[in-house]
Structure formats: C-alpha cells, structure tokens
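Residue-level structural notes
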Amino acid sequence: MKTIRLLYPDYLSGGLETYYFGANLLSHILPENENQPLLKVDIAPPDGQKYEITDGIYAKKEVISGIKHAMNVIEKAKPDKIITIGGNCIVSQASFDYLHGIYDNVGIIWIDAHPDVSTVKNNYPNAHAMVLGALMGYGDSSLSDLMKNPKFKSNEILYVGLQGLHDYQERFLNDIHVNYRIQTEEFLSDDEIKNFIHRFDHILVHLDIDVLNPSLFHSTYFANKDLIGDGSGGGKMTIEQLSSILKCIADNADIVGFTISEYLPFDEYKLHKMFAGIKMFTD
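Predicted model, so just to flag it, every value in this text is computed and none were measured. (Residues numbered from 1 in each chain as written. Predicted model: local features only at pLDDT ≥ 70, side-chain atom pairs only at ≥ 80, totals over all residues. Heavy atoms only, no water.)

Before going further, it helps to spend a moment on the overall build of the chain. Looking only at helices and strands, the chain features 10 helices and 9 strands. When its C-alpha atoms are laid out on the principal axes, the chain stretches across 55 × 40 × 40 Å. Buried positions account for 56% of the 283 residues belonging to the chain. Long-range contacts, defined as pairs at least 24 residues apart, comprise 75% of the intrachain contacts of the chain with a sequence gap of at least 6. Of the roughly 13,400 Å² of accessible surface on the chain, 50% is carried by carbon and sulfur atoms. In the chain, 24 positive and 38 negative side-chain charges are present, and the distance between their average locations comes to 4 Å. (Helix = DSSP H or I, 4+ residues; strand = E, 2+ residues; numbered from the N terminus. Buried < 20%, exposed > 50% of the residue type's maximum accessible area, 1.4 Å probe, protein only. Contact = heavy atoms within 4.5 Å. Areas by Shrake-Rupley, 256 points an atom, 1.4 Å probe, with all protein chains shown as cover. Lys, Arg positive; Asp, Glu negative; His and termini not counted. Charge placed at Lys NZ, Arg CZ, Asp CG, Glu CD.)

In this model helix α8 (residues 239-252) runs 20 Å from its N-terminal to its C-terminal C-alpha over 14 residues, within 8% of the 20 Å that 1.5 Å per residue would give. Along α8, the positions that sit buried rather than exposed are Leu242, Ile245, Cys248 and Ile249. Seen end-on, α8 carries its buried residues on one side only, within an arc spanning 120°. Residues of α8 that are exposed and point more than 90 degrees away from the buried face comprise Glu240, Lys247 and Asp251. Elements that come into contact with the buried residues of α8 comprise β6 (106-111), β7 (157-160), α7 (190-197), β8 (202-208) and β9 (255-261). (Expected span 1.5 Å × (residues − 1). Arc of directions from axis to C-beta.)

Below, the discussion takes up the packing of aromatic side chains. Across all of its chains, the model carries 8 aromatic pairs by this definition. Residues Phe21 and Tyr269 carry aromatic rings whose centres are separated by 5.2 Å and whose planes lie at 40° to one another, so their mutual orientation is tilted. With Phe21 in helix α1 (residues 18-29) and Tyr269 in helix α9 (residues 266-276), this pair connects stretches of sequence that are 248 residues apart. On the basis of relative accessibility, which here comes to 18%, the residue Phe21 falls in the buried class. (Phe/Tyr/Trp six-rings, centres within 6.5 Å; stacked < 30°, edge-to-face > 60°.)

Further remarks concern the pattern of salt bridges. Summed over all chains, the structure comprises 6 salt bridges. Residue Glu192 is joined to Arg181 by a salt bridge in which the shortest nitrogen-to-oxygen separation is 3.0 Å. With Glu192 in helix α7 and Arg181 in the loop between α6 (167-175) and α7, this residue pair connects regions lying 11 residues apart in the sequence. Residue Arg181 is classed as partly exposed on the basis of its relative accessible area of 31%. A salt bridge links Asp191 to Lys194; its shortest N-O distance comes to 3.9 Å. In this pair, Asp191 and Lys194 both sit in helix α7, 3 residues apart, roughly one turn of the helix. On the accessibility criterion, Lys194 (25% relative accessible area) is partly exposed. (Salt bridge = Lys/Arg side-chain N within 4 Å of Asp/Glu carboxyl O.)

It is worth spelling out unusual backbone geometry at this point. One non-glycine residue with positive phi stands out, namely Ala59, at about 50°. Secondary-structure assignment places Ala59 in the loop between β4 (57-58) and α2 (60-77). One non-glycine residue, Asn105, adopts positive backbone phi at about 55°. Counting through the fold element by element, Asn105 comes out in the loop between α3 (92-102) and β6. On the basis of relative accessible area, Asn105 is assigned to the partly exposed category, the value being 34%.

Taken together, the side chains of Leu271, Met274, Phe275, Ile278, Met280 and Phe281 define a hydrophobic patch exposed on the protein surface, amounting to about 650 Å² of accessible area. The set of elements that each furnish at least two residues to the nonpolar patch consists of α9 and α10 (279-282). Here the nonpolar patch gets 3 residues from one element, more than from any other, and that element is α9. The residue Met280 is located in helix α10 in this model. (Patch = residues over 30% accessible without salt bridge, like charges linked within 9 Å, V, L, I, M, F, W, Y side chains within 5 Å.)

Before going further, it helps to spend a moment on the environment of Asp145. Assignment of secondary structure puts Asp145 in the loop between α5 (141-144) and β7. Note on Asp145: relative accessible area 60%, which makes it exposed. Counting along the chain gives 11 residues from Asp145 to Ala134, while the straight-line C-alpha distance between them is 8.5 Å.

Below you can see the structure in the form of structure tokens.
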C-alpha cells in the first residue's frame, strides 16, 4: 500500500496568507515517516496581491488551478492512501474525489465546527466554506464539475464537532437529508462514531483545526479577534477530546484519506515576518 503526504498550502480559498505558512509548518509537525513521500501542490507564496471575486468566488481562477494541480499530482503518484496537509478546507476536494474512485463503500467523517456547504448564493466568497457541498455535487458547478468520480451521498457524511448553523446551512442540510446533530453541549459518542464507521469499508477523515476551542488552542481562525469570516463561531473541543475521537476512528476504521486543514499559527507567522525583515537572515 502506497501512502503519500500531499502538501497543499492553499490560502486563497480562505483569503488569509497565514494558511500558506501554516501548511508548511504543519508538514514539519507531523511525525516523520520515510515510507510516506511528501509531494507538493505548487501554490505560489503570498505576495500581498489582492484578487477579484469572480462569479461569487474569491480568486476563482487560482483556486481552480490549485485543485487541478492537486489532481494531477495525485493521479501521477497513484497512491492507495493520502494524507493531505492544508492549507484550508478546499484541499480535501482533490484527494477525496480520487480516493472515491479507487474504493467502494466510503464514508466521510467531517470533524469541523462548520458544515462547509455554502454556495455562491450565500454571499460568502471564500471557497473553503463550499468544499463538502461540492463533494456532494451541490456546490458551485465550477468546483463540482472538476470531480472525476461519483459524488458523495448525504448518508455517507458524519459531522463531528458541528456548532450552530446559519439558517441557509440548516435549510441545505435538511433539504438533502444529511443526518447531523449540533454539538454545542455534547459531542458525538464513541458508539455513534463506530456505528457510522461500521457501515463502510473505508473512511475519509477531514480535520479542520478550528473544531478546537480557540480560547484553549490559539492557532485557529477564531483565536484572532480581528477576523469575522462569515459570522460563524469557533469550535468547542479540547485537544484531549479531539485526540480521543481520532483514536476511536483510527482503532475502528480503515482510514484511506486524512486531511488536516485550517492550521493558523498566527504568533509563529508574526515571528517569521519579523525575522524576514532583518537583512542578516535574508542576505
């Protein structure tokens, strides 16, 4: 079985340069494994450039180019399993679509404070909020039409850590019959997670770091008081709770895809920029 690590430092889908730095830092945080080659999606580093909103999507051309490049890298490598290192949530589209093409009976565990099913009609232009909707075939056609394999069905999705929804998100999930539960007071139990896992031969895990409580883990979007996003709130999990949930999944599922996204080490990025302004480090 061939497992690759796909470093995909997309930041444009979230409109925040720190995503690029965070993805590259995350690639060093993960345990070393010489049996898992690190492949990179070629995303140009941030340079302060601002992009247009086209057809309701910020930096649409560049976002789509990144997805296509990720697809090409994966198809050339022909892996059996993929660890995707983001960047923001859009990075799951290419890897999950590819894996859905080589495995039957696949479920997605989406560990996130947010449902990621927005469309351009909801007037939020950052594509990272659209990715799961696209994977189910309900996203903007420019995203969903990139997929080469069957769309995921509503009963193949399990949300873990989901917080309060906007009205349009609630309507969408209800209309397509996704079985979800808001987890502001209590997260899904191990038994609920295992019941979902046992319906499938293989599992894809999408982990959005913002499922963590920003007052306890500060490298998340919602730990930065200057950011408002689409008006959603942050997650409620502790790192201990997340560790327990991931162990439950790993002990009971054949995980063939694992995405880590939305890691935003704001303090570390400030240090990076500070040292980058000192000639001794750059000459």
